[in-house]
Amino acid sequence: MQYDKKKIEEVCKECEKKTQISYKYTFFSPRYKSIHDIEIGRSRILKGWLNLLLENLYLLYEEIRNEITAFKKWLFPREDKIYRNQVDGQIVGRITFARKNDETRPIHHLHLEVWARTRLFQWRKLSEGMTDMHGHFSLPYDLRIARRWRYKKKLHFEIYETVHRYDKEGNPKPYYQLFKKLLFPKKDLIGMRYSLGRIMLFYWEYRSDTTVPRVFIKKQGEDAPEYYTKDRLDALYQQTIPYELIKLKHLEQLELAPETISFQQIQEDYPINLTRCIEKKLPGYTRSDEWLGKRMMNGMNRAYFEDVPGESDAFYVKYFGLCRYDHNDEYALPTSRAKFKLQEDGHILPIEIELEGPLSAFEKDPWIKRKFTPASGDEWEYAKRVVRVNGSFSTELDEHFTGTHLNTEQYAIAAFRNLRINPVATLLLPHLKEVSLVNNTADKILLSDFIPHVTALTPEGISQRTRDLLGMQDWKNWKTIRKISDAHTCAIAEDMFWDILYGFVSDFIDQYQDRIKEHWIEIYKFSEDLLENSVPVFLSDVNLDDLDPRMKALEEERFAFYSGQYGFDPNAARVKRNGLLKAVSPITLSPHFDESRAEEEMRNLKSACAYMIMVASYLHTWINENQYNQLGEVLYSCGGLRFGEKERGIMAPESDLSISPDLTHCTQGLFLANILSRTEYGFITTNNEDDVNPELIRRLLDKEKEFKELHVDIHAIESRTNI
Ligand SMILES: [Fe+2]
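Residues numbered from 1 in each chain as written. Predicted model: local features only at pLDDT ≥ 70, side-chain atom pairs only at ≥ 80, totals over all residues. Heavy atoms only, no water.

All right, on to the state of the cysteines then. As used in these notes, a disulfide is a covalent bond between sulfur atoms, one from each of two cysteines. Going through the model one piece at a time under the given rule, you end up with one disulfide. Paired through a disulfide, Cys15 and Cys277 show a sulfur-sulfur distance of 2.2 Å. Classification of the bridge connecting Cys15 and Cys277 rests on its S-S torsion, roughly -80°, and on that basis the disulfide is left-handed. Of this pair, Cys15 sits in helix H1 (residues 5–18) while Cys277 sits in helix H6 (residues 274–281), and the two are 262 residues apart along the sequence. Comparing Cys15 with Cys277 shows no difference in burial state: the two are buried. As a non-bridged cysteine, Cys638 has Cys666 as the owner of its nearest cysteine sulfur, 8.8 Å distant. (Disulfide = S-S within 2.5 Å. Helix = DSSP H or I, 4+ residues; strand = E, 2+ residues; numbered from the N terminus. Buried < 20%, exposed > 50% of the residue type's maximum accessible area, 1.4 Å probe, protein only.)

Next up on the list: the domain arrangement of the protein. Each assigned domain of the protein is listed with its residue range as follows: domain 1 (1–75 + 215–299 + 394–723) and domain 2 (89–201). Taking only C-alpha atoms, the centre of domain 1 and the centre of domain 2 are 38 Å apart. At the interface, 24 residues of domain 1 touch 20 residues of domain 2. Buried area between domain 1 and domain 2, summed over both chains or domains, comes out near 2000 Å², and the portion from carbon and sulfur atoms is 55%. Among the residues domain 1 hides against domain 2, the three largest losses belong to Arg417, Arg420 and Thr426. Together they make up 34% of the total. Counting across the domain 1 and domain 2 interface gives three salt bridges. Note that Glu532 is salt-bridged to Arg105, the shortest N-O span being 3.2 Å. Of all the secondary-structure elements, those providing two or more residues to the side of domain 1 that touches domain 2 are helix H8 (378–418), helix H9 (424–432) and helix H15 (520–533). (Domains from an automatic or database assignment. Contact = heavy atoms within 4.5 Å. Buried area = accessible area lost by both parts, 1.4 Å probe. Salt bridge = Lys/Arg side-chain N within 4 Å of Asp/Glu carboxyl O.)

This structure, assessed with the given rule, holds seven cavities of 30 Å³ or more. Computed from the structure, the largest cavity encloses a volume of approximately 650 Å³. Contributing elements (two or more residues each) for the lining of the largest cavity: helix H4 (230–256), H8, helix H10 (435–448), helix H11 (451–454), helix H17 (598–631) and helix H18 (663–677). Considering each element in turn, the lining of the largest cavity owes the most residues, eight residues, to H18. Grouping the amino acids of the lining of the largest cavity by side-chain chemistry returns 26 nonpolar, 14 polar and two charged. Size it by volume and the second largest cavity reaches roughly 130 Å³. Only H8 and H17 provide two or more residues apiece to the lining of the second largest cavity. Considering only residue class, the lining of the second largest cavity consists of six nonpolar, five polar and two charged. (1 Å grid on protein atoms, 1.4 Å probe; cavity = no way out; pocket = protein on both sides within 12 Å on 5 of 7 lines; lining within 4 Å. Points joined across faces, edges and corners; volume = space filled by probe spheres on them. Nonpolar A, V, L, I, M, F, W, Y, C, P; charged D, E, K, R; others polar.)

In this structure, Arg302 is a non-glycine residue whose phi angle is positive, near 45°. Within the element layout of this structure, Arg302 appears in the loop between helix H7 (289–298) and strand E10 (306–308). If you check the backbone angles, Asp690 has positive phi at about 50° while not being a glycine. Summarising the element assignment, Asp690 is placed in the loop between H18 and helix H19 (694–702).

Take the coordination of the iron ion next. The iron ion binds to the protein through His400 (NE2), His405 (NE2), His620 (NE2), Asn624 (OD1) and Ile723 (O); the donor distances cover 2.1 to 2.4 Å. Read from N- to C-terminus, the donor residues coordinating the iron ion fall into the pattern H-x4-H-x214-H-x3-N-x98-I. Residue His405 is found in helix H8, and its partner Asn624 is found in helix H17; the two are separated by 219 residues along the sequence. (Donors = N, O, S within 2.8 Å, 3.2 Å for Na, K, Ca; no water.)

This brings us to the nonpolar core. With 190 residues, the main nonpolar core has Ile91, Phe157, Phe526 and Leu605 as its most contacted residues. Of the domains in this structure, domain 1 (1–75 + 215–299 + 394–723) and domain 2 (89–201) are the two that each give at least three residues to this core. With residues near it in sequence (within four places) discarded, Ile91 still touches Val114, Phe137, Ser138, Leu139, Tyr141, Phe184, Leu189, Tyr194 and Leu196. Cys15, Ile272, Tyr285 and Trp291 belong to the second largest nonpolar core, which has twelve residues in total. (Core = buried A, V, L, I, M, F, W, Y, C linked by side-chain atoms within 4.5 Å.)

In structure tokens, the structure reads:
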């Protein structure tokens, strides 16, 4: 099919607008009770007017209860004044982490307060202070005042965590939030020193059962190191419930009356996405060579284009398949190497596709290679679909989940464990929050219940692959994706965002450099936690000579390709810990700011901070918000194609439903593609929680028009990875 260029542009623009995400909410809209009620099977949701009325009454009760608490706070304020005439006693102790193998590690710079309550319920602050670098504290107090008869029998020892926000001018405005409270009898205060002993806090602990750095969460919503705000949860529930109801309807039909449901119906029940919208107006266009080239450049995949030796106008896009990973025999996952040729208008067209590995259930040779070109007829169309599907799989698991979610979590854990009074805490923590909670939910609904059932990888294979890919993520000398032409708007916009972000981070660090240097020890400990828990550089712990020569060549090819794709500098000077070459480079190796290396130390800090924010916000947003466009039409693209029972295997037309996901996985995949694209909360520019620096917002708004010309809406960029 041939369409007029102008018509294509018009339709694409109209469809982009039509499929833009928005949502409405009403009082009687069904809802989840908690985020952990979301399943890819039957989530527990509230529906029916009576249930919803009762739930709304309960929420009203909660609201009244909160109002009463606020009223009590107003009635009995906590005045910021220490009641003390003299210092004749110290309340001492030590605070450490609590997990096994972590319990001797101190928690530094925790804000502490001691309060008494009068018999008339008034609050009196007796002392305050913070833990030192060894976790020790010594809080001075006035013995006579502390033991006053008018105070109740028990005193309050309170441990606070620091929450980082900004005021309207962009000045850091941290405040303290109660983390744990201990009561102790005032009658015990008899001597000069009163010891509370060692207090072990379950606080941002690393898990010991994973191959990548993950935080330990006992139970989300009840016992986790952080929580979503109510507004964030409301936005999530309100947007996801409509798709939950669609999925529920499908699952019930499939169970009770499977003859009443079809593939077509499942697809049509979900909102129209970009490819379906375009297909309605330009049939066949989304399966064309031209569209494949456009989406590789500027769609969800955000592909990296590797040079083809000896051909200046050709590039490879590679999606690696099973490699050495544990896999099932139901789904295909060959390695695909697609060759694209640059056109005069700056766009690219595919000219050759090589597929390596089995394409049907009857083939067992993992090294079998086949090449297809536009002259291959129908097989060319099938091969393009394999590239689309492989591309979606790699973009989701390698780039999205590992490159942004897991990558950000490793920085989040180390940052929340160590950054408190250094201004860098205010710069970073707002962008690193919530990712650990999202990943905790993803463990079940994505990595355990979904991906192993709709792709070739088993849970073990996923674990192996994510560890390897995390071994290609580092801040040191990181580069934005390589631009191949002026039509490569994705690369141009990414570069522009990076420039703005780096400039903002650099100015912030310069502005607060004195206090950053003064509390450099926090940066050092942050860096040390990162290093200690970082995975090794990909392949650095593998003896390649032990591998089959073909596998060795493949792994070396992957390393080279990933280095370009993830902006990983293989030559950066990395360090070894416990015999392993760590993927994350040290930000500093000095506990105190080394003035003799001031320029390098500051440059490292700026690069590392800008990288963390870039990954957590822009890079994550790019893939996340594009998911339903790439994966919202199952026959266009999905996580994996089944071999089926025919000899032709996956080299078959879209009409062969035996190779596409079955109906259950079809509705589950569409449900996920839809809900995961719908964050709609926590954008940089909306600054919902006053924790994005207004200066960053201002600099972005200044470039709003330029971003728009590159098809990027700056108001849709999330400040953190929150879904
Ligand atoms: Fe995400």
